[in-house]
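In case you want the letters, here they are:
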Amino acid sequence: MKNIKALNIFVIFSFLFLFFIVCSKVTVGSELDNALRRVAERCPSMTITGIKKSCGGGLMKASPSDPDDLFRSLVVAGLGYDTFNHQIKGQVLNSKPLKEIDQTKMLSREMTSAESIYDTFYPRLAFKNLYNGLNSRRLGSTDLFSNFFKGNMKVAICQKQYLSHFTSVTYNQDRTDEFKEILRLLPVTYDQESYQKIIDYFGDSVATEITYGGVIDQMTSVRVCYNDPAMLRYVEQQLNSDIDAFTAAKPPNGFINYAKSSQLTIVGGNPQESDTVKRIRSFKNNPAPVLLFVIPIHMVFPLGPKGNNMKRAYDEYINNMNLKIGAQVRNLKNLIEQQPTLNPAICPRVN
């Protein structure tokens with residue numbers, strides 16, 4: 001009888017212990033979700049195309065009444081970044097004061113294969129420079145083929161950057177108070193769902209340096225057999241002529257006959273401004289991230305179990321996304337290779 005009574009007491013205490021553990025996990029999980037949601041719903045906020053001012057029911061960010069102070073609170077470094085979906089996320093690290101700069105740069109490259117275009121849009125290095133525009137396109141392999149490669153074409157990309165501001169994280173890479181609280185709420189033992197939420201809300205990387213401004217870029221398709229070395233230089237001149245409304249230099253031999261229609265993209269400034277010159281002037285007042293130097297998000301975690309857990313979740317996520325990108329590369333490569341062979345007689349002769 002005593003044994004049965006003792007067994008009953010043991011069962012009751014075991015049940016109460018398990019109930020306490022489950023309730024604790026649910027409570028911590030709910031607190032973590034609430035903390036993450038508060039960061040995600042902040043508005044105004046920075047996006048890949050500039051400052052988001054329309055909140056649409058989001059949580060208003062407590063900020064100074066001075067517009068300049070509000071501007072400086074948004075144009076910062078230490079922002080999370082989703083390198084696969086090309087999205088700016090919540091702030092992870094504190095930022096140094098913003099510096100004003102005034103520079104323009106031109107980037108050009110030619111892409112002839114599926115590998116080259118995806119390496120441009122999705123750089124594989126963990127520590128990397130990312131350019132807004134050139135590698136912030138979200139087209140699938142079928143769309144890329146239809147828009148730029150169909151008809152035995154290759155792609156020339158040209159981008160003009162207007163740089164207005166620069167900032168970086170503090171020397172000791174100190175975390176924001178909100179991110180510290182989120183770290184505190186994360187479980188010490190590995191829970192894939194909890195650590196994946198960090199990537200969902202903050203991205204897989206953190207931008208430790210950001211150069212802001214505006215971008216105008218152009219993608220032009222040309223016959224794969226067209227190999228005039230002056231082509232990229234002419235595409236640059238063509239972009240400048242579109243921006244400044246002057247007549248471009250004479251195109252290289254055969255370019256007009258063997259080039260496909262171009263696609264022009266502008267990022268930053270006032271999106272409601274249709275005049276290109278006026279849009280460029282507005283870059284400084286509503287800058288978008290142009291150049292980001294990013295590191296893996298697990299690198300900003302403290303050493304120990306939680307840092308190890310984040311590294312594990314990061315590796316699982318990156319491996320999964322690389323498999324998806326690899327499948328898109330193979331699909332685009334197959335589409336390109338399955339095209340009918342181009343008749344050499346229709347290719348231009350370049351002197």
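Residues numbered from 1 in each chain as written. Predicted model: local features only at pLDDT ≥ 70, side-chain atom pairs only at ≥ 80, totals over all residues. Heavy atoms only, no water.

**Q** Summarise the overall build of the protein; cite the residues concerned and give the values.
**A** Along its length, the protein carries ten helices and twelve strands. Within the protein, the proportion of its 351 residues that are buried is 44%. Accessible surface, the protein: about 18,700 Å² in total, of which carbon and sulfur atoms supply 54%. (Helix = DSSP H or I, 4+ residues; strand = E, 2+ residues; numbered from the N terminus. Buried < 20%, exposed > 50% of the residue type's maximum accessible area, 1.4 Å probe, protein only. Areas by Shrake-Rupley, 256 points an atom, 1.4 Å probe, with all protein chains shown as cover.)

**Q** Could you give an account of helix α5 (residues 177-185), with specific residues and numbers?
**A** Helical periodicity: at 3.6 residues per turn, an α-helix aligns residues three or four positions apart in one direction. Those residues of α5 not exposed but buried are Phe 179, Ile 182, Leu 183 and Leu 185. Buried residues in α5, looked at end-on, bunch into an arc of 165°, giving them a common side. Every exposed residue of α5 that faces more than 90 degrees away from the buried side is listed here: Asp 177 and Arg 184. (Arc of directions from axis to C-beta.)

**Q** Before we move on, could you go through the environment of Thr 170 and cite the residues and values that matter?
**A** For Thr 170, the location among the structural elements is in the loop between β9 (153-168) and α5. On the basis of relative accessible area, Thr 170 is assigned to the buried category, the value being 18%. For Thr 170, the residues in contact, after removing those within four places along its chain, are Asn 94, Ser 95 and Lys 96. (Contact = heavy atoms within 4.5 Å.)

**Q** A description of the environment of Tyr 195 should follow, citing residues and the corresponding values.
**A** Tracing the sequence through the fold places Tyr 195 in helix α6 (residues 192-202). Along the primary structure Tyr 195 and Met 310 are separated by 115 residues, whereas in three dimensions their C-alpha atoms are 6.1 Å apart. With residues near it in sequence (within four places) discarded, Tyr 195 still touches Leu 186, Pro 187, Thr 189, Tyr 190, Phe 301, Lys 306, Asn 309, Met 310 and Ala 313. Within the structure, Tyr 195 has its side chain in polar contact with the backbone oxygen of Pro 187 (distance 2.6 Å). (Polar contact = N/O pair within 3.5 Å; in protein donor to acceptor, adjacent residues only side chain to side chain.)

**Q** So, the pattern of salt bridges: which residues are in play, and what are the values?
**A** Charged atoms that come close allow side chains of opposite charge to pair. Applying the stated rule across the entire model yields seven salt bridges. Across the salt bridge formed by Glu 316 and Arg 312, the nearest N and O atoms sit 3.5 Å from each other. With Glu 316 and Arg 312 both in helix α10 (residues 305-337) and four residues apart, this pair spans about one turn of that helix. For Arg 312, a relative accessible area of 46% translates into the label partly exposed. (Salt bridge = Lys/Arg side-chain N within 4 Å of Asp/Glu carboxyl O.)

**Q** Could you give an account of the packing of aromatic side chains, naming the residues involved and the relevant values?
**A** In total, this model carries five aromatic pairs according to the counting rule given. Note on Phe 84 and Tyr 317: the rings are 5.9 Å apart at their centroids and 80° apart in plane angle, and the pair reads as edge-to-face. With Phe 84 in the loop between β5 (79-82) and β6 (87-91) and Tyr 317 in helix α10, this residue pair connects regions lying 233 residues apart in the sequence. Both rings, one in Tyr 162 and one in Phe 283, keep their centres 5.7 Å apart while their planes meet at 55°; by these two values the pair is tilted. Of this pair, Tyr 162 sits in strand β9 while Phe 283 sits in the loop between α9 (276-281) and β12 (288-296); the two residues are 121 residues apart in sequence, bridging distant segments of the chain. Both residues of the pair, Tyr 162 and Phe 283, belong to the buried class. Three or more aromatic residues link up through ring pairs in this structure, and these residues are Phe 179, Phe 202 and Phe 301. (Phe/Tyr/Trp six-rings, centres within 6.5 Å; stacked < 30°, edge-to-face > 60°.)

**Q** Give me the lowdown on the side chain of Ser 282, citing residues and values where you can.
**A** When you line up the elements, Ser 282 lands in the loop between α9 and β12. Ser 282 sits in the buried class, given a relative accessible area of 13%. Ser 282 has contacts with Gly 269 and Asn 270, leaving out every residue within four places of it along the chain.

**Q** Just give me the short version of the nonpolar core, but keep the residues and values in it.
**A** Formed by 46 residues in total, the largest nonpolar core has its most connected members in Ile 117, Ile 198, Phe 202, Val 300, Phe 301 and Leu 332. Among the elements that line this core, the one with the most residues is α10, at ten residues. Not counting residues within four places of it along the chain, the set of residues in contact with Phe 202 comprises Leu 36, Val 39, Gly 80, Tyr 81, Lys 89, Gly 90, Gln 91, Val 92, Phe 179, Ile 182 and Ile 297. Of all hydrophobic cores here, the second largest spans 16 residues; its members include Met 46, Ile 51, Phe 71 and Ile 88. (Core = buried A, V, L, I, M, F, W, Y, C linked by side-chain atoms within 4.5 Å.)

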